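# Coordinate analysis (summary)
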Amino acid sequence: MNTIPEIRCWQGDLVSATGTQMQTAAATLDRAMETVARAMDQMAAWVGDTRHAIGSRVDEQRDHAAEIRNVLNQIADEVLDAATDLTHACTAVLNRVDAAVADGFLVTDSGEVAHPDGTHREQATTIQAHLRDGLATIAALDADYGARLDALRADLSAMTSRQPPVTLPDGRHLDPDDVVATLRTMTPEQRRNMLSAMSEHDRRRVMQADPHTIGNMDGVDFATRADANEIAIRTALAAEQRAGRADGTRARRLAEFLRQTDDPSAGRDDLDRTSERRFIAFDTTGAGRYIEMIGTFDGARNATILVPGTHSSMNSRSSTTDAAPVLSRSTGGPVFVYLDGDLPQRLGYEGLEAALPALARGDVPSAAVGATVGLAAGVVGSAADPSFARAMAPRLVEFGKQLDAEIAHHAPGATTTVIGHSYGGSVVGSAEQLGLRADRVVYASSAGTGVFDGPWRNANPDVERFSMTAPGDPIGVVQLLGPLNPHGSDPDTAAGVTRLDSGRYSDGTLIEGTHGHGDYWKDPGSTAFRNMVDVVRGDSPTPYVERRPDGPLGLGLAPDRGLPDREPLAALAEGARDLLALGLGPLGDLLDGDIDLPGPIPDVPLRLPW
């Protein structure tokens, strides 16, 4: 497509239909192999050499069919992306041509522009430059996608009877499945060294053999992991559809993962300002986990790992994760949304609802008991539970090492900043206790400094640490719990941490209260968001300005005012004494850090739900 008439003949809908057909073919192959597998499972009573031989052959064919399916899914993805990118670029060029013609300019088939009135010569030159750039972009896209599809067609042709062997750096030839098995026995550094010495063609075949393993394997370069996870996502979506859950939350989310989105690294004049989403880790087990790379290393001087908080999962979106593209565009570097593990989906106080009916009847003792039992039952598996941070922190430490290796290869000298928001701050702090390496760390509305014993042990002795908590943010209550906080101490007062100003939203409103816990992620012009950008870029963020004490709103507190009124605090204290005087031991225990249970039952340590 080198001329404007050729571009006008582009039929992107037909190309998209071809990609959909390839995806359907992959799903059909999957269904066929599942049918065979179920038939074998139903013949459990059949034993003997014949049964064993047939079973072995079926397993071999299922493995081979899975490899073919993986390539078909790759082809489908490339065809659909080509249709999207080329259609967008062709439309943009043709719109410019039509606009120029409407303004009286003459446009040739090759994109030369002139105007009968010589006074428009400079404008004609500008329009011609834009059109030539557009035609060059279309030619580059066409060539790039053509080369990728030719390579995948060759892969598919070579898989007629089995996946051909690949060549290792030492000259040996191994089946791709055996290479994957070998990689499992290696350290991340050994994997990286071996794969980097293999040809791109052979690396692709290893990835096609087992996308799930390769897509989540440390030591595999991020580009290969992203390609592998693209296959895994399409396979997972097809499985949801076969199971009759095509309209379910998980299927909708997976389909969203496969759609192109705004490219934060694209320039204003770029014809194609969208890009496919790239996942460096992906697993649908349980609530699902993933690491998404937003932006590229091209020209980057920094990279960011963003760990969100409670309620974040594969099945849901949050203001924190939604802000990642804007953060990438603002900092000029890639942002890695880190959800490689489960985060709590409850805050922990939901059990208090059981006390509301009794409270409505005026039955305070019953309400108190119900509240105590509800809190005790709601702690496990909630934001008050440190087990999520304990599980995620070691993986974050290792991912930091993998990011360092990618930066050394693609953007030498770029800095790494790790941002933990809310519960994510506990994950980041715990990872620092285990030796996470970073140039800068930001504890944004953080639950604490880490769940493990001992100090931070960041592998970078010159790491810079920052914190930020809005006045009236409920997380402030947790931060002030001291030794009762399962997530560690208050990062705002921790030694060596520079507290930053949360400031105001872009409309001048003070960032405070419950909404101050995370609404600044929705406002790139807010002081809090701009401070995080400044930290990532290595600029000078705005230091903390005390406008009012930390703590929840409601006790006579007001923006830009000093200490709270004494009367509400006295009333609260008097109310607490009244409760204790009534003999409401369980509710009174909420004040001393645990819940006393009767007899030999161990007391339940109190962990406030944030």
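## Concerning the nonpolar core
Generally speaking, soluble globular proteins have nonpolar side chains that are buried together. If you look at the biggest cluster of nonpolar residues, it comprises 75 residues, and the most contacted ones within it are Phe336, Leu396, Ile419 and Met532. By residue number, the principal contributor to this core is helix α15 (residues 387–410), which donates 9 residues. Among residues more than four places away in sequence, those in contact with Phe336 are Phe222, Ile280, Ile291, Glu292, Met293, Phe297, Ala303, Thr304, Ile305, Leu306, Phe399 and Leu403. In terms of nonpolar packing, the next biggest core, distinct from the first, is built from 19 residues, Ala89, Cys90, Val97 and Val113 among them.

## As for the pattern of salt bridges
As enumerated under the stated definition, the model contains 37 salt bridges in all. Of the charged contacts in the structure, one is a salt bridge between Asp77 and Arg234, with a shortest N-O distance of 2.9 Å. Taken as a pair, Asp77 in helix α3 (residues 49–102) and Arg234 in helix α9 (residues 222–242) lie far apart in primary sequence, 157 residues in all. A single burial state applies to Asp77 and to Arg234, both of which are buried. When the shortest N-O distance is used, the salt bridge between Arg184 and Asp210 registers 3.1 Å. With Arg184 in helix α5 (residues 176–184) and Asp210 in the loop between α7 (200–209) and α8 (211–215), this pair connects stretches of sequence that are 26 residues apart. The exposure class of Asp210 is buried, given its relative accessible area of 19%.

## Re the pairing of strand β11 (residues 415–421)
Most of β11 is tucked away, with 7 of its 7 residues classed as buried. Neither face of β11 is open: one carries Thr415, Thr417, Ile419 and His421, the other Thr416, Val418 and Gly420, and all of them are buried. Note that strand β9 (residues 302–307) and β11 share 6 bridges and pair parallel. In the sheet register, Val307 faces β11, and the bridge partner there is Gly420. As paired strands, β11 and strand β12 (residues 440–444) are joined by 5 bridges and run parallel to one another.

## Focus on the packing of helix α12 (residues 324–331) against helix α18 (residues 527–537)
Here α12 crosses α18 at 50°, and the two axes come no closer than 9 Å. One element, α12, and the other, α18, form an angle in the oblique class. Seen along the crossing, α12 lies across α18 with a hand that is right-handed. Where α12 abuts α18, its residues Val326, Leu327, Ser330 and Thr331 lie against Phe529, Val533, Val536 and Arg537. Here the residues of the contact of α12 with α18 are counted per class, giving 5 nonpolar, 2 polar and 1 charged.

## Points about α3
Three or four residues apart is the spacing at which side chains of an α-helix point the same way, because the helix has 3.6 residues per turn. With 54 residues, α3 extends 78 Å from end C-alpha to end C-alpha; this agrees with the ideal 80 Å at 1.5 Å per step. Remark: Gly104 follows α3 within two positions and exhibits a positive phi of approximately 95°.

## Details of the confidence of the model for the protein
Considering every residue of the protein, the mean pLDDT works out to 84; 83% of them sit at 70 or more. Every residue in residues 553–610 is under pLDDT 50, and counting partners more than four places away or in other chains gives 82 contacts.

## Notes on the packing of aromatic side chains
What the rule picks out here adds up to 12 aromatic pairs. On the basis of an interplanar angle of 40° and a centroid distance of 4.5 Å, the ring pair of Phe257 and Phe279 is categorised as tilted. A residue pair is termed long-range when its members are at least 10 positions apart, and Phe257 in helix α10 (residues 249–258) and Phe279 in strand β7 (residues 278–283) qualify at 22 residues. Taken together, the aromatic side chains of Phe222, Phe297, Phe336, Tyr338 and Phe399 make up a single cluster linked through ring pairs. Over the aromatic face of Tyr145 sits the side chain of Arg148, whose NZ or CZ is 5.1 Å from the ring centroid. In this structure, Arg499 is placed above the aromatic ring of Tyr544, and the distance from its NZ or CZ to the ring centre is 3.9 Å.

## Section: the pairing of β12
Along β12, 5 of the 5 residues are buried, which leaves the element largely enclosed by surrounding structure. Burial along β12 is two-sided: Arg440, Val442 and Ala444 facing one way and Val441 and Tyr443 facing the other are all buried. As paired elements, β12 and strand β13 (residues 464–468) share 5 bridges and run parallel to each other. Bridge pairing links Val442 to Phe466 in β13.

## So, the side chain of Arg547
Secondary-structure assignment places Arg547 in the loop between α18 and α19 (566–581). The class for Arg547 is buried, based on a relative accessible area of 18%. Looking at Arg547, its side chain comes within polar contact range of the side chain of Asp501, at 2.8 Å.

## What about the environment of Ser502?
Along the chain, the position of Ser502 falls in the loop between β14 (497–499) and α18. Given the relative accessible area of 4%, Ser502 is considered buried. The sequence separation of Ser502 and Ser526 amounts to 24 residues, and the corresponding C-alpha distance is 8.2 Å.

## Remarks on the sheet that holds β13
Taken in spatial order, the 8 strands line up as β7-β8-β10-β9-β11-β12-β13-β14 in an open sheet, and their pairing is mixed. On the outer flanks of this sheet lie β7 and β14, each paired with one strand and no other. The sheet shows a mean angle of 15° between the axes of neighbouring strands, direction not considered. Strands β9, β11, β12 and β13 of the sheet are contacted by helix α16 (residues 423–433), whose axis makes an angle of about 130° with β11.

## Let's talk about empty space enclosed by the protein
In this approach the atoms are scanned with a rolling probe the size of a water molecule, which exposes any empty space left behind. One pass over the full model with this rule turns up 3 cavities of 30 Å³ or more. Of the voids in this model, the largest cavity is the one considered here, and its volume is about 60 Å³. For the lining of the largest cavity, the secondary structure elements donating two or more residues are α9, α10 and β7. With 4 residues, α9 is the single largest residue contributor to the lining of the largest cavity. Classifying every residue of the lining of the largest cavity gives 5 nonpolar, 1 polar and 4 charged.

Rules used in this analysis
- Residues numbered from 1 in each chain as written.
- Predicted model: local features only at pLDDT ≥ 70, side-chain atom pairs only at ≥ 80, totals over all residues.
- Heavy atoms only, no water.
- Core = buried A, V, L, I, M, F, W, Y, C linked by side-chain atoms within 4.5 Å.
- Buried < 20%, exposed > 50% of the residue type's maximum accessible area, 1.4 Å probe, protein only.
- Helix = DSSP H or I, 4+ residues; strand = E, 2+ residues; numbered from the N terminus.
- Contact = heavy atoms within 4.5 Å.
- Salt bridge = Lys/Arg side-chain N within 4 Å of Asp/Glu carboxyl O.
- Pairing = 2+ DSSP bridges.
- Axes fitted to C-alpha atoms, helices over the stretch in contact; angles between N-to-C directions.
- Parallel < 35°, antiparallel > 145°, perpendicular 65-115°, else oblique.
- Left-handed = near helix turned anticlockwise from the far one by under 90°.
- Nonpolar A, V, L, I, M, F, W, Y, C, P; charged D, E, K, R; others polar.
- Expected span 1.5 Å × (residues − 1).
- pLDDT = per-residue confidence, 0-100.
- Phe/Tyr/Trp six-rings, centres within 6.5 Å; stacked < 30°, edge-to-face > 60°.
- Lys NZ or Arg CZ within 6 Å of the ring centre and 35° of its normal.
- Polar contact = N/O pair within 3.5 Å; in protein donor to acceptor, adjacent residues only side chain to side chain.
- 1 Å grid on protein atoms, 1.4 Å probe; cavity = no way out; pocket = protein on both sides within 12 Å on 5 of 7 lines; lining within 4 Å.
- Points joined across faces, edges and corners; volume = space filled by probe spheres on them.

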